[in-house]
Amino acid sequence: MKPKAEKYGGWEAQGIAGHTLGHYLSACSRMYPDTGDGKFLDRVNYIVEQLAECQQANSNGYVAAIPNGKKIFDEIAQGEVRSRDFDLNGGWVPWYT
């Protein structure tokens, strides 16, 4: 899919893309019931809709944006697991992301 904006720097550009979005989505999902401000619900709904589009475009339900993510999880599903420090099959913290 064509990106709608440039990706963030830092960890987002170094292998755990989507990490910041997860925190933002959690924050918005808590702020709506805590404040009743509809702008937080609007953000949550928009993010979930966009993630659903990604899942649909991928055709298998996968949505993570980590580099080689599909390959990593295909290997794991086949029982091929390699881990070292924060690495899993060559990906930086894929379970966390």
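The coordinates are above.
Residues numbered from 1 in each chain as written. Predicted model: local features only at pLDDT ≥ 70, side-chain atom pairs only at ≥ 80, totals over all residues. Heavy atoms only, no water.

Chemist: Lay out the nonpolar core in plain terms, naming residues and giving numbers.
Modeler: One recurring pattern in soluble globular proteins: nonpolar side chains tend to sit buried together. One finds Tyr62, Ile66, Ile72, Phe73, Ile76 and Leu88 forming the largest nonpolar core, which totals six residues. Broken down by element, this core gets its largest block of residues, three residues, from helix 3 (residues 69-77). (Core = buried A, V, L, I, M, F, W, Y, C linked by side-chain atoms within 4.5 Å. Buried < 20%, exposed > 50% of the residue type's maximum accessible area, 1.4 Å probe, protein only. Helix = DSSP H or I, 4+ residues; strand = E, 2+ residues; numbered from the N terminus.)

Chemist: Residue-level account of the pattern of salt bridges, with values.
Modeler: The final tally for this structure, using the stated rule, is five salt bridges. Each of Lys71, Glu75, Glu80 and Arg82 takes part in a single network of salt bridges with overlapping partners. (Salt bridge = Lys/Arg side-chain N within 4 Å of Asp/Glu carboxyl O.)

Chemist: So, unusual backbone geometry: which residues are in play, and what are the values?
Modeler: For Asp85, which is not glycine, the phi dihedral falls at a positive 50°. Take Asp85: it is sitting in the loop between strand 1 (83-84) and strand 2 (87-88).

Chemist: Residues and numbers for the sheet that holds strand 3 (residues 91-92), please.
Modeler: A sheet is described by the order of its strands in space; here three strands give the open sequence 1-2-3, paired in antiparallel fashion. Pairing within the sheet leaves two strands with one partner each, and these edge strands are strand 1 and strand 3. Where strand 2 lies against strand 3, two bridges are found, and the strand directions are antiparallel. In the sheet register, Asp87 faces strand 3, and the bridge partner there is Trp92. (Pairing = 2+ DSSP bridges.)

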